[in-house]
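What follows is each chain in one-letter form.
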Amino acid sequence: QVQVGESGGGLVQPGGSLRLSCAASGSIFRLYTMGWYRQAPGKQRELVAGITNIGTTDYADSVKGRFTISRDNVKNTVYLQMNSLKPEDTAVYYCNARITTTSLSTADYWGQGTQVTVSS
């Protein structure tokens, strides 16, 4: 079995910062692209940032220059550093990881989500 879990959400004022973490654990043979998605009330889930296993990154236009994604391949962990937060960044943030298990089955795994609220 594989587990993916996020941490680090919370309430922050506009202009503030938060750092999200997501760790994958369990029967992992290989970990490929990891990413952060978010879903605001009444909106579709959208990609925020992604990072491949060799460190290539991609960002949504709305977060470029403010958010930074990184990963620790030893710890099977991905991070999202969020700076200059805006009220429109308020959403539930989900971690996604493409994983091949030790039984050589490949699938996308999702965390349970962590709430980020930007408000004064």
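Note that the structure is a prediction, hence the values are computed from the model and not measured.

*Asks:* When you look at the overall build of the protein in this model, what are you seeing that I'm missing?
*Replies:* Each helix and strand in the protein was counted, giving 0 helices and 11 strands. Here the C-alpha radius of gyration of the protein, 14 Å, is about what a compact globule of 120 residues would show, namely 14 Å. With respect to the principal axes defined by its C-alpha atoms, the protein has extents near 50 × 25 × 20 Å. Here the protein, with 120 residues, has 41% of them falling under the buried criterion. Nonlocal contacts in the protein, meaning residues at least 24 apart in sequence, comprise 55% of its contacts between residues at least 6 apart. Treating the 11 positive side-chain charges of the protein as one cloud and the 8 negative ones as another, the clouds have centres 3 Å apart.

*Asks:* Got a minute to help me understand the packing of aromatic side chains in this structure?
*Replies:* Aromatic ring pairs are described here by two measures, namely the spacing of the ring centres and the angle between the planes. Counted according to the given criterion, the structure contains 1 aromatic pair. Sitting over the face of the ring of Tyr 94, Arg 45 holds its NZ or CZ atom 3.7 Å from the ring centroid. For the cation-ring pair, Arg 45 lies above Trp 110, with the distance from its terminal atom to the ring centre recorded as 4.7 Å.

*Asks:* What is the right way to read the pattern of salt bridges from this model?
*Replies:* Think of it this way: side chains of opposite charge can pair up when their charged atoms draw near. All chains considered together, the criterion is met by 5 salt bridges. The shortest N-O distance in the salt bridge between Arg 98 and Asp 108 comes to 2.8 Å. With Arg 98 in strand β9 (residues 91-101) and Asp 108 in strand β10 (residues 106-110), this residue pair connects regions lying 10 residues apart in the sequence. Beyond isolated ion pairs, a larger network of salt bridges with shared partners links Arg 38, Glu 46, Arg 66 and Asp 89.

Conventions adopted
For every chain, the first residue of the written sequence is number 1, and numbering continues from 1 onward in sequence order. This being a predicted model, a pLDDT of at least 70 is required before a residue's local features are given, and a value of 80 or more before pairs of side-chain atoms are given or counted; all residues contribute to the totals for chains, interfaces and linings. Excluded from the side-chain calculation are hydrogens and water; included are all heavy atoms of the structure. Counting from the N terminus, the helices are the DSSP runs of H or I reaching at least four residues and the strands are the DSSP runs of E reaching at least two. We compute the radius of gyration from the C-alpha atoms alone; for a globule the expected value is 2.2 Å times N to the 0.38, where N is the number of residues. Using a 1.4 Å probe on the protein chains alone, a residue whose accessible area is under 20% of its type maximum counts as buried, one over 50% counts as exposed, and one in between counts as partly exposed. It only takes one pair of heavy atoms within 4.5 Å for two residues to be counted as in contact. Under the counting rule used here, the positive set is Lys and Arg, the negative set is Asp and Glu, and His together with the chain ends is not counted. Lysine's charge is taken at NZ, arginine's at CZ, aspartate's at CG and glutamate's at CD. Under the pairing criterion, centres of Phe, Tyr and Trp rings, with the six-membered ring standing for Trp, must be within 6.5 Å; the plane angle then separates stacked pairs below 30 degrees from edge-to-face pairs above 60, leaving the rest tilted. Here, a charge over a ring is recorded when the distance from Lys NZ or Arg CZ to the ring centre is within 6 Å and its angle to the ring normal is within 35 degrees. One speaks of a salt bridge when a side-chain nitrogen belonging to Lys or Arg is within 4 Å of a carboxyl oxygen belonging to Asp or Glu.

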